[in-house]
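Residue-level listing of the chains:
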Amino acid sequence: MKIDEISSPELRRSQDDLHNQLCSQIESSIKDIEKHVPGTALPDSFSTDLRRIISQLNCLSPFPNSVKLHIWKLSYRLWNACVDLSNAAGVKTKHDEEHAKLRQVSADLLFLASDVSGIPSPAIKSASFFYKTGLIWHDLRKFELANYCFEKASDLLSKVDITNISEYEEKKLLLDLNIARSRTAWEVSDRNLAIALLSRSRNVLFAVAENYKALANQYLMFGKAMLSKNEVSGVNEALRLMNDALELCERGLTVVKRTEQTLALKELRSKTLRFLAASHLQRDEFESVLKCVKILRDSEKDQHPSLSVLAMKAWLGLGRYGEAEKELRGMVLDKGIPEGVWVSAVESYFQVVGAAGAAAVKGVFLGLLGRCHVSADAAIRVVNKVIGDPAGAGEEATLRAKVVSDLVSDDRILTLLSGEDASKERTAMHALLWNCAAEHFRSKDLQTSADIFEKSILYVPSDIESRNLRAKGFRVLCLCYMGLSQLDRAQEYINEAEKLEPNIACAFLKFKIYLQKNECDGAITQVQAMPSCLDFTTEFLSLAAHEAIACRCLPVAVASLSLLLNFYSTGKQMPTTEVVVFRTLVTILSQDPQNDSDILKQMKRAHTRLCEMGTENFFGKGEIGRRERNWFSVNAWNSGVKTGQENQYAICAEFFRLASEFYGASIDEEKEGNHVMVCKSLIMTVSAIISDEKQRTNTLLENEVKEAITLLDRAGKMLMSSSTEYDKLEAIIEPSFLFVYTWCAFDLHLRLDDTGSQQLLLIKRFANSKYCNPKHLLQIGIDASEGPHSNHEVAIFALSTCLSTLLALPSPDYVSVALILRKLVSLRSIHGVDTNDDATMEMYKQAYRIMVGLKEGEYPVEEAKWLAMTAWNRAAVPVRMGHMDEAKRWMSMGLELAKKVPGMQTYRSCMEDFVEGFEKKLSGA
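Every chain is numbered independently, its residues counted from 1 as its sequence is written. Local features in this predicted model are restricted to residues of pLDDT 70 or higher, and side-chain atom pairs are both shown and tallied only at a pLDDT of 80 or more, whereas totals for entire chains, interfaces and linings draw on every residue. Only hydrogens and water are set aside when side-chain values are computed; all heavy atoms of the structure are taken into account.

Would you mind showing me how to read the overall build of the chain here?
From N to C terminus, the chain includes 46 helices and zero strands. Note on exposure labels: buried denotes an accessible area under 20% of the residue type's maximum, exposed denotes more than 50%, and partly exposed covers the range between, all computed with a 1.4 Å probe on protein chains only. For the chain, with 925 residues in total, the buried portion stands at 49%. The long-range fraction of contacts in the chain, counting pairs at least 24 apart against all pairs at least 6 apart in sequence, stands at 65%. Residue-level accessible areas treat just the shown protein chains as cover; the underlying method is Shrake-Rupley with a 1.4 Å probe. A total of about 45,400 Å² of accessible surface is found on the chain, and carbon and sulfur atoms cover 51% of it. Put simply, DSSP H or I for four residues or longer makes a helix, DSSP E for two residues or longer makes a strand, and each gets a number counted from the N terminus. A contact between two residues is defined here by any heavy atoms of the two lying within 4.5 Å.

Right under this line is the structure:
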């Protein structure tokens, strides 16, 4: 195409038509936007269509001035439509992204005609559209779009000669644009650009107070943001920015003259100085803080509330606590200090000074209460700060707690938290004090703990809903005073708790108090009352027993465990197995040697439960069950041995009978229990029964004898089932038990009239065994020879066998020999079968033969005299009967025995004279 064709009238007409068509489309879209209902969401089709049209329109530039004017009007019309929608709908649409897009379209549309003729300062107006749109994108946190708008505006304004700007709003736009760009750069962490833009803004202040204030305020805002990060580098940067803000305020004050503008800058200067002081405080530059405070106090009529706080913290940092306390107390006099400020000051002061400043804090707080209304929240904050960490150092925590105690018990604090509207704060105060007291309790500072717990109850209402909470407080106070051994006071508190909430906890604490007072009867009564509590569980009886054992109050432990045993048959959940309770109970009773009857009672009770439950259910299974069974068996056996040694034969018999039952219980795959110990226990049972009879001198009834024989027969069957040969029982049972078995069997069968031959057979069998020894036979012989049920055959056999056994020994026991001879002589005399009594004579002769060859005194002298005298005296009856030969034979035996007895010389002379005379008389006749 040729150049002259381009500028042809036809082409220009075509472009004009296209311009008009596109502008018509824009106008149509704007009309639709103007008709849109405010408050409803804008469809994205508006901005999409407009962008498409603007793109087409942009391809047709440059435009004639008439088109530019039309575009200019359309842009303003669209902008005003957006403003109307925003004003009508309120805040929501202002922050709507679609709304921002339409604003962006309006700014871009105006930019197409930014060089229009006939409109003053078109570039500045176009830049203002981009500036305002950028602010909207900034509020929506679309920082890239905001920066795009601000940069567009900056490019437009960069072409404007600022010296020709006369309007205030246009001058202010230059500063506001730089500040807005700086804020956006700050948000995207481009701090260098942000600071550079603020520095550039110093050139467009135009000696306007508002500009100085706006720029200084932005420096201050950035400084505050850096200060809030609490970083060393950040604090340094914040300090520099605030110094810049302060410098701007000072310069502004030298430029502006109007009073209202000066006041605004002075207010900003004071604010900046306060934040400068805060920056110095973070850098621990306490002297600088005090300088800032002094400047502010000297220049301001109305003191800002923060000045006292800053000064107090600075004095604290310098270690001058007296000056800090003055600042703190000065707050009490200043009614303009808000509550939050002085509460924060109190917290800061106490955090540094610690327990040493507790009294001062208390004084300040109570002073504030008297001066002005203090909220309940403030009271809680102060108390919380004074409490600090109750688990910390002992002395400091105790001192803090004392101040807290005085503080919360003050009538003004109580009144402050007494209303219905302060129920939430009252609950918080109670929780605060409760936790503090609990920490002291855990650290064993019981006195402090009790004091704080008492104060916490002051914040518990006395209504029905709070009964449980008050009762809980009284119970924990009871624990504190128990720990302090102030038992009467503890009892007072637990009585009060029981009135409010009678439960097992109260009953148990009362029980513990009785224990510590060593009042066993009261403790036992309390144990017996525990099951009546609604929340009673058997664990408390077990715990009561443990407590009683720890206090060495054994009767109480016995009562607790005995009561606990009553619940095992009810099917309740139990703290431990029943056999363990029985074992513990018996162990406790065994500590007193006088408790044999009680031990027997509990052993019988255990045996009854064993029979009801079965062996494995009672003792347990496996190795555990065997250990439990063996424990009961051994203890029953040992108790039987002990009571037998103490001659308590009736109880002894019961223990041994129980031992036989326990030993006989089988566990798991055992066919039977320990049958050897069962056998021994049965033998000892019968032995104890017989011993008890002899001790009481009461004869056993026939049914008792038969019962004892039954027990002995059980033992005998066990012995015989173990070995068919008597002599092979040594591997099963000790010889002493075989003797006791034999002796008991003999004694019992002796009482039955038709068992004489059985007795003799029993004794002969025993005498023929290798386990028999002379002492056993001597005992049997003596017992068989005495009593109402004597058996002379058994007695003679046993004594004769015993005598033979003794004489066969290398060194016979002649005392026992003499005793046997006397018994045999007596038995022969009583049960002689003929008048000559040759058997009796034979016994005397045997005695004589035994004495022959013995040393003097080796045979008991008194027994030898008895033999000599009784042999001599036996001649009297034959003499009277005229049996002279028989008489002479006995006199000769007596004389011969007398010759072997030392000390019978006189008797022997008399005997010899009598014999000589007797023989003469016989010869003369």
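There's more to say after this.
I keep staring at the side chain of T133 and nothing clicks. Help me out?
Turning to its location among the elements, T133 is positioned in helix 7 (residues 122–139). Residues within four places of T133 in sequence aside, it is in contact with W79, A100, R103, Q104, A107 and C149.

Just to check I follow, could you spell out the packing of helix 31 (residues 596–613) against helix 34 (residues 649–663) for this structure?
Interaxial distance between helix 31 and helix 34 falls to 10 Å at its minimum, and their mutual angle equals 30°. The orientation of helix 31 relative to helix 34 falls into the category roughly parallel. Relative to helix 34, the crossing made by helix 31 is left-handed. Counting all contacts with helix 31, which are made through D596, S597, I599, L600, M603, K604, H607 and L610, the residues of helix 34 involved are I651, E654, F655, L658, E661 and F662. Helix axes use the C-alpha atoms of the stretch in contact, all axes being lines fitted to C-alpha atoms, and the angles between their N-to-C directions lie in the range 0 to 180 degrees. We call two directions roughly parallel when the angle between them is under 35 degrees, roughly antiparallel when it is over 145, roughly perpendicular when it lies between 65 and 115, and oblique otherwise. Here a crossing is taken to be left-handed if its near helix is turned anticlockwise relative to the far helix by less than a right angle, and right-handed if that turn runs clockwise.

What should I look at first to understand the packing of aromatic side chains in this one?
Here the distance between the centres and the angle between the planes together describe a pair of aromatic rings. Between rings of Phe, Tyr and Trp, where Trp is taken as its six-membered ring, a pair exists when centres lie within 6.5 Å; planes separated by under 30 degrees are stacked, by over 60 edge-to-face, and by other angles tilted. Applying the stated rule across the entire model yields 24 aromatic pairs. Ring geometry for Y481 versus Y493: centroids 5.7 Å apart, planes at 5°, classification stacked. Of this pair, Y481 sits in helix 24 (residues 467–483) while Y493 sits in helix 25 (residues 487–500), and the two are twelve residues apart along the sequence. Looking at Y493, the relative accessible area reads 15%, which means it is buried. With a centroid separation of 5.1 Å and an interplanar angle of 70°, the aromatic rings of F618 and F619 are classed as edge-to-face. Each member of the pair, F618 as well as F619, carries the same accessibility label: buried. Linked through ring pairs, F582, F618, F619, W631, F632 and F662 together constitute an aromatic cluster. Just above the ring of W79 sits the side chain of R103; from NZ or CZ to the centre is 4.6 Å. Consider the ring centre and the ring normal. A charge sits over the ring if Lys NZ or Arg CZ is within 6 Å of that centre and within 35 degrees of that normal.

Would you explain unusual backbone geometry in this entry?
Across the chain, the bulk of peptide bonds are trans and the bulk of non-glycine residues have phi less than zero. Of note, the phi angle at R141 is positive, near 60°, even though the residue is not glycine. Tracing the sequence through the fold places R141 in the loop between helix 7 and helix 8 (143–158). Phi is positive for S189, close to 65°, though the residue is something other than glycine. Mapped onto the secondary structure, S189 falls in the loop between helix 9 (168–187) and helix 10 (191–201). In this structure S189 comes out as exposed when scored by relative accessible area, which is 57%.

When you look at the pattern of salt bridges in this model, what are you seeing that I'm missing?
Oppositely charged side chains may form a pair once their charged atoms are brought near each other. Counted as salt bridges are all cases of a side-chain nitrogen of Lys or Arg within 4 Å of a carboxyl oxygen of Asp or Glu. A complete count under the given rule lists 33 salt bridges for this structure. Across the salt bridge formed by E501 and R475, the nearest N and O atoms sit 3.0 Å from each other. Residue E501 is found in the loop between helix 25 and helix 26 (504–516), and its partner R475 is found in helix 24; the two are separated by 26 residues along the sequence. Here K706 ties to E702 by a salt bridge, and the two come within 3.3 Å at their closest N and O atoms. Remark: E702 and K706 occur in helix 36 (residues 702–722); sequence separation between them is four residues, near one turn of the helix. Members of the salt-bridge network, linked through shared partners, are R202, E237, R240 and D244.

Help me understand helix 25 in this model?
Because an α-helix packs 3.6 residues into every turn, residues spaced three or four apart end up facing the same way. The span one expects for a helix is its residue count, reduced by one, times 1.5 Å. With 14 residues, helix 25 should cover 20 Å at 1.5 Å per step; its first-to-last C-alpha distance of 20 Å lies within 8% of that length. Of all the residues in helix 25, the buried ones are L487, A490, Q491, Y493, I494 and A497. Projected onto a plane normal to the axis of helix 25, the buried residues spread over an arc of 165° and lie on a single side. Within helix 25, the exposed residues directed more than 90 degrees away from the buried face are D488, E492 and K499. Lining the buried residues of helix 25 we find helix 23 (446–457), helix 24 and helix 26. The arc in question is the one spanned by the directions pointing from the helix axis to the C-beta atoms.

Any chance you could explain the confidence of the model for the chain here in plain terms?
Predicted coordinates in regions of low pLDDT should not be interpreted in detail. Think of pLDDT as the predictor's per-residue confidence, scored from 0 to 100. On average, the chain scores 81 in pLDDT, and the residues at 70 or more come to 87%. Under a pLDDT of 50 for its full length, residues 1–7 has, in the predicted model, four contacts with residues more than four places off or in other chains.

Where do I start with the environment of R200 in this structure?
The topology assignment puts R200 in helix 10. Classification of R200 as partly exposed rests on a relative accessible area of 43%. Aside from chain neighbours lying at most four places away, what touches R200 is N178 and R181.

Explain helix 33 (residues 622–645) here, please?
Across its 24 residues, helix 33 extends 35 Å between first and last C-alpha, which sits within 8% of the 34 Å expected from 1.5 Å per residue. Where helix 33 terminates, the next one or two residues include N647, which has phi positive at roughly 65°.

Would you mind showing me how to read the side chain of S785 here?
Here S785 lies in helix 39 (residues 774–785). Identification of polar contacts relies on pairs of N or O atoms within 3.5 Å, with a donor-acceptor requirement for protein atoms, meaning one able to donate a hydrogen and the other able to accept it, and with residues adjacent in sequence counted only if both atoms are side-chain atoms. Engagement of the side chain of S785 in a polar contact is seen with the backbone oxygen of I782, the distance being 2.7 Å. When neighbours within four sequence positions are excluded, S785 is seen to be in contact with S790, A795, K823 and L827.

What exactly am I supposed to notice about the packing of helix 30 (residues 578–589) against helix 33 here?
Packed helices, taken two at a time, are described by the angle their axes make and the gap between the axes. Look at helix 30 against helix 33: their axes get within 11 Å of each other, and the N-to-C directions meet at 30°. Taken together, helix 30 and helix 33 sit at an angle that is classed as roughly parallel. As helix 30 packs across helix 33, the resulting crossing turns out to be left-handed. Where helix 30 abuts helix 33, its residues V579, V580, F582, R583, V586 and T587 lie against E628, W631 and F632. Class assignment for the residues of the contact of helix 30 with helix 33 results in six nonpolar, one polar and two charged. Under the grouping applied here, Gly and all other residues not named as nonpolar or charged are polar, the nonpolar ones being Ala, Val, Leu, Ile, Met, Phe, Trp, Tyr, Cys and Pro and the charged ones Asp, Glu, Lys and Arg.

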